[in-house]
Amino acid sequence: MAAIDVEKVKNDFPIFDIKVGGKPLVYLDSAATSQKPRKVINAISKYYKRYNANIHRGVYKIAEQATEEYIKSKKKVAKLVNADSGENLVYTRNTTESINMVSYTWAEQNVGSGDHILVTDMEHHSNIVPWQMLAKRKGAILDYISLNNEHSELDEESIETQLAKNPKLLAITHCSNVLGTIVDVKSITRKAHQTGAKVLVDGAQSVPHMPVDIADIGCDFLAFSGHKMLGPTGIGVLYAKHDILEESQPFLGGGDMIKTVERQDFTPNDVPWKFEAGTPNIEGGIALGVAVDYLRKIGMGSIREHEKMLTRYALEKLSGIDKVNLFGLPVERIESRGGVVPFAINGIHPHDVATIFDSEGIAIRAGHHCAMPLVVEILKEPALSRISFYLYNNERDVDAAVAAINKAKSIFKIQ
Ligand SMILES: Cc1ncc(COP(=O)(O)O)c(C=O)c1O
């Protein structure tokens, strides 16, 4: 696996030419959204400049080109996650919409009163609220797999106890956006299938950062977002097994999702188009394909190794600073940890920490990270600061973060 030449990579990202308050941008918030390489930005403008047309309908050249490029992008995305062809991929707006799509289609038809839906205490709101809404609509019961005593990974006993309730669905994150914990989704999918549950994997923090193989995991659904993997905002992906897509009712009704329409009824289109009603985000889909080309050229294995190296370096550096508390698995468990480093400094609110980082040109996230049950109820923190990595970060970025932490401590007179 080739090491990543970060300086070369950075040159591909125009945003790193900017200065923030006179300082070069240090971007440590890729778990929120990634930066975009020039090729992705150019793909969007090329579509508008050279072949802007609606897809699926036109018989003229540029419409055919747009349709071809859109379908080609799905094939690229499918290849990235080993999903055969693009046929079982639905383009959505983001992970959130992908998960909601499952709740309003397959789950709407298959979850009933008194049924159990299972999530974990590590989920993003996107993988909690749609299931709360479904539970309310259907009179179903929402259960949680709890965390171990260290609050760093799922509790094995709780997995067994909750699966013994025979849930209809297990909806589980592959990598926590708060703790960075990587869940063994392959093993838990196997266990869940033995109880008859379907499994939805939230891949928002895994697909952009490590090799993900749908066939190997064996899950029924996988949701992820283009904007976290070098693609534009407004394009997301839902993979579902073919028979599930065939059997599920459409989500939204309108153009493109039909074969025929009569005054009282309609015949839905083939999979996956029956789930893509109306004109989609054409340029977003095409640019996501270009983002995937970029990622595959670097190599998902190399990206994972690079982030592991940075996470190890950050954990070692930050653990040496007095009054800094780290969350998640220890450095010895780096194999189960993604490139996310949450921390708190005793006596300084995380928002103040993030503001001081910003004064140094460093972008980090502070808040509940859209995971209030985890951050507020379980970790009992009002908020956390979070550093997160991608292929354009290096050790110098970590050193800058360490200097900013020391600056914050000195401003707040924390010894
Ligand atoms: C684990 C996880 N799931 C879901 C989401 C939601 O992604 P989006 O806002 O792109 O829908 C995020 C975003 O941070 C996430 O980290």
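Structure: see above.
Owing to the predicted nature of the structure, the values given are computational and were not obtained by experimental measurement.

Peer 1: Give me the site of the ligand: which residues, what numbers.
Peer 2: Around the ligand there are 14 residues in total, and T96, D202, Q205, S225 and K228 lie nearest to it. One of the backbone N or O atoms of T95 is found 3.4 Å from an oxygen atom in the ligand. Note that a nitrogen atom of the ligand is positioned 2.6 Å from one of the side-chain N or O atoms of D202. Burial of the ligand by the protein chains amounts to 87% of its free accessible area of 390 Å². In terms of residue class, the shell around the ligand is built from 2 nonpolar, 10 polar and 2 charged.

Peer 1: Provide a residue-level description of the pattern of salt bridges, including the pertinent values.
Peer 2: Counted under the stated rule, the structure contains 22 salt bridges. Among the salt bridges present, the one from D293 reaches K76, with a minimum N-O distance of 2.8 Å. Placement of D293 in helix α11 (residues 282–298) and of K76 in helix α3 (residues 61–80) is noted, with a sequence separation of 217 residues between them. Taking relative accessible area as the criterion, D293 reaches 37% and is therefore assigned partly exposed. With a shortest N-O distance of 3.0 Å, K308 and E305 are connected by a salt bridge. Taken together, the residues K308 and E305, both in helix α12 (residues 300–319) and 3 residues apart, mark about one turn of the helix. A relative accessible area of 7% means that K308 is categorised as buried. Linked by salt bridges that have partners in common, K23, E360 and K407 make up one network.

Peer 1: I'd love a proper account of the packing of α3 against α11, names of residues and values included.
Peer 2: Axis separation between α3 and α11 bottoms out at 8 Å; the angle between their running directions is 40°. The pairing of α3 with α11 is recorded here as oblique in orientation. Both α3 and α11 take part in a crossing whose hand is left-handed. Contact with α3, carried on its side by A66, E69, Y70, S73, K76, V77, K79 and L80, involves I282, G285, I286, L288, G289, V292, D293 and R296 of α11 and no other residues of that element. Residue composition of the contact of α3 with α11, grouped by class: 8 nonpolar, 3 polar and 5 charged.

Peer 1: So what's going on with the sheet that holds strand β16 (residues 365–367)? Which residues, and what values?
Peer 2: Reading across from one edge, β13-β14-β17-β16 is the order of the 4 strands in this open sheet, with antiparallel pairing throughout. Bordering the open sheet on either side are β13 (324–326) and β16, each of which pairs with just one other strand. Across the sheet, the mean angle from the axis of one strand to that of its neighbour is 30°, orientation sign disregarded. Relative to strand β14 (residues 340–345), β13 runs antiparallel, the two sharing 3 bridges. Across the sheet, V324 pairs through a bridge with I345, a residue of β14. Running at roughly 160° to β16, helix α13 (residues 350–359) makes contact with β14, β16 and β17 (384–388) of the sheet.

Procedures and definitions
- Residue indices follow the written sequence of each chain, beginning from 1 at its first position.
- Local features are withheld for residues below a pLDDT of 70 in this predicted model, meaning they are given only at 70 or higher, and side-chain atom pairs are given and counted only at 80 or more; totals for whole chains, interfaces and linings count all residues.
- By convention in this description, side-chain values take in all heavy atoms of the structure and omit both hydrogens and water.
- In this text, near means that some heavy atom of the residue lies within 4 Å of the molecule or strand in question.
- By the criterion applied in these results, polar contacts are pairs of N or O atoms within 3.5 Å in which, for protein atoms, one can donate a hydrogen and the other can accept it, and in which residues neighboring in sequence qualify only through two side-chain atoms.
- Values of accessible area rely on a 1.4 Å probe in the Shrake-Rupley scheme; residue burial ignores everything except the protein chains shown.
- Residue classes follow a fixed rule: Ala, Val, Leu, Ile, Met, Phe, Trp, Tyr, Cys and Pro count as nonpolar, while Asp, Glu, Lys and Arg count as charged, and any other residue, Gly among them, counts as polar.
- The salt bridge definition used is simple: a Lys or Arg side-chain nitrogen within 4 Å of an Asp or Glu carboxyl oxygen.
- Note on conventions: DSSP H or I runs of at least 4 residues are helices, E runs of at least 2 residues are strands, and numbering of each starts at the N terminus.
- The buried label applies to any residue whose accessible area, calculated with a 1.4 Å probe on protein chains only, is under 20% of its type's maximum; exposed applies above 50%, and partly exposed to all values in between.
- In this description, a line fitted to the C-alpha atoms serves as the axis of each element, helices being fitted only across the stretch in contact, and the angle between N-to-C directions of two axes falls anywhere from 0 to 180 degrees.
- Should an angle fall under 35 degrees it is taken as roughly parallel, and over 145 as roughly antiparallel, whereas 65 to 115 is taken as roughly perpendicular and any remaining angle as oblique.
- A crossing counts as left-handed when the near helix is turned anticlockwise from the far one by less than a right angle, and as right-handed when that turn is clockwise.
- Contacts are assigned to residue pairs that have any heavy atoms within 4.5 Å of one another.
- If DSSP finds at least two bridges between two strands, the strands pair.

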